[in-house]
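# Secondary and tertiary structure notes
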Amino acid sequence: ALEDKLEKVVRLFGYLFDKSTFSQFYRNQLAKRLLLAPSEVDSAERSMIAKLKLRCGAQFTSKLEGMVTDMNLSQDIQSAFAEHVKDKELGTDLSVQVLTTKFWPQYKSDELKLPKEMLQCVEAFKAFYDSHTKHRRLQWVHSLGSATVVGKFT
């Protein structure tokens with residue numbers, strides 16, 4: 001049933017005059033879906049991208065495929081970082097998604113003065129990431145993040 005709907009959408013897509021507008025809109029919406037619910041990326045997204053690739057070629061879907069790949073790599077990086085800091089006392093949990101700039105929509109990078117506890121976590125991740133990669137630079141986009149604050153009231 002879902003495959004049939006995806007096939008109809010791709011068939012309808014074939015009639016569009018301005019495929020670049022669709023591509024930009026789809027990329028922005030895919031980014032939202034991936035960033036807000038990363039564990040929800042399922043076979044339907046992959047199937048849709050595969051159908052678009054058949055219809056339009058690899059160049060059309062390369063950024064979409066890169067975004068999905070980034071999310072998978074981010075999960076691996078996050079697991080390795082969690083293992084790296086499990087014996088260290090950071091005092092705060094930190095979850096990071098590392099995205100490749102060329103695949104994702106442009107997001108504003110803002111200067112944000114982080115609390116020292118969070119800054120300690122960010123520095124720990126940066127040191128970990130730098131030790132595992134060469135020639136890659138982290139740029140923090142805080143507007144895509146979230147924080148959970150737990151209060152204890154007596």
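Per chain, the residues get numbers from 1 upward, laid out in the order the sequence is written. Side-chain atom pairs in this predicted model are given and counted only at pLDDT of 80 or more, local residue features only at pLDDT of at least 70, and totals for whole chains, interfaces and linings cover all residues. Excluding hydrogens and water, the side-chain values take into account all heavy atoms of the structure.

### Side note on a positive patch on the surface
Together, Lys5, Lys8, Arg11 and Arg55 make up a positively charged patch on the protein surface. Secondary structure counts use DSSP, requiring at least four H or I residues in a row for a helix and at least two E residues in a row for a strand, with both numbered from the N terminus. The element contributing the most residues to the positive patch is helix 1 (residues 2–13), with 3 residues. Examined against the element boundaries, Arg11 turns out to sit in helix 1. Exposure classes here rest on a 1.4 Å probe applied to the protein chains alone. A residue is buried below 20% of its type maximum, exposed above 50%, and partly exposed in between. By relative accessible area, which is 45% here, Arg11 ends up partly exposed. Like charges within 9 Å and nonpolar side chains (Val, Leu, Ile, Met, Phe, Trp, Tyr) within 5 Å are joined into patches, using only residues over 30% in relative accessible area that form no salt bridge. The protein chains shown are the only cover counted for residues, whose accessible areas, like all others here, come from Shrake-Rupley with a 1.4 Å probe. Basic side-chain nitrogens of Lys or Arg form a salt bridge, by our definition, when they fall within 4 Å of a carboxyl oxygen of Asp or Glu. Counting rule for charge: Lys and Arg are taken as positive, Asp and Glu as negative, and neither His nor the chain ends is counted. For the purpose of locating charges, the reference atoms are NZ of Lys, CZ of Arg, CG of Asp and CD of Glu.

### Re the packing of helix 4 (residues 58–85) against helix 5 (residues 116–132)
Helix-helix packing: each pair is described by the crossing angle between the helix axes and the interaxial distance. To obtain each axis, a line is fitted to C-alpha atoms, and for helices this fit is confined to the stretch in contact; angles are then taken between N-to-C directions over 0 to 180 degrees. Axis separation between helix 4 and helix 5 bottoms out at 11 Å; the angle between their running directions is 110 degrees. Taken together, the axes of helix 4 and helix 5 lie roughly perpendicular to each other. Like other packed secondary-structure pairs, helix 4 and helix 5 cross with a definite hand, here right-handed. Within the contact between the two elements, helix 4 uses Ile77, Ala80, Phe81 and His84 and helix 5 uses Cys121, Ala124, Phe125, Phe128 and Tyr129. Three classes are used, and their members are as follows: Ala, Val, Leu, Ile, Met, Phe, Trp, Tyr, Cys and Pro are nonpolar, Asp, Glu, Lys and Arg are charged, and the others, Gly among them, are polar. Class assignment of the residues belonging to the contact of helix 4 with helix 5 gives a composition of 8 nonpolar, 1 polar and no charged. Should an angle fall under 35 degrees it is taken as roughly parallel, and over 145 as roughly antiparallel, whereas 65 to 115 is taken as roughly perpendicular and any remaining angle as oblique. A crossing counts as left-handed when the near helix is turned anticlockwise from the far one by less than a right angle, and as right-handed when that turn is clockwise. Throughout, a contact is declared for two residues whenever any of their heavy atoms are within 4.5 Å.

### Remarks on helix 4
Since one α-helical turn is 3.6 residues long, residues separated by three or four positions face the same way. Expected span of a helix, by definition, is 1.5 Å for each gap between consecutive residues, and there is one gap fewer than residues. Look at helix 4: 39 Å from first C-alpha to last across 28 residues, which is about the 40 Å you get at 1.5 Å a residue. In this scheme, the bend at a residue equals the angle between the axes fitted to the seven residues that finish there and the seven that begin there. The axis of helix 4 is deflected most strongly, by about 30 degrees, at Leu64. Taken together, the buried positions of helix 4 are occupied by Phe60, Thr61, Leu64, Gly66, Met67, Val68, Asp70, Met71, Ser74, Gln78, Phe81 and Val85. In this structure, the buried residues of helix 4 make contact with helix 1, helix 2 (19–36), helix 3 (43–56) and helix 5.

### Quick notes on the layout of surface pockets
Here the largest pocket is characterised by a volume of approximately 1700 Å³. Grid points spaced at 1 Å and placed over the protein atoms alone form the basis of the search, with a cavity being a set where a 1.4 Å probe fits but cannot get out and a pocket an open set showing protein on both sides within 12 Å along at least five of seven lines. Lining residues have an atom within 4 Å of a point. As for the largest pocket, its lining consists of 47 residues, and the residues nearest its centre are Ser95, Gln97, Val141, Leu144 and Gly145. When grouped by side-chain class, the residues that make up the lining of the largest pocket number 25 nonpolar, 16 polar and 6 charged. The volume enclosed by the second largest pocket comes to roughly 190 Å³. Grid points are joined across faces, edges and corners, and a volume is the space filled by probe spheres set on the points.

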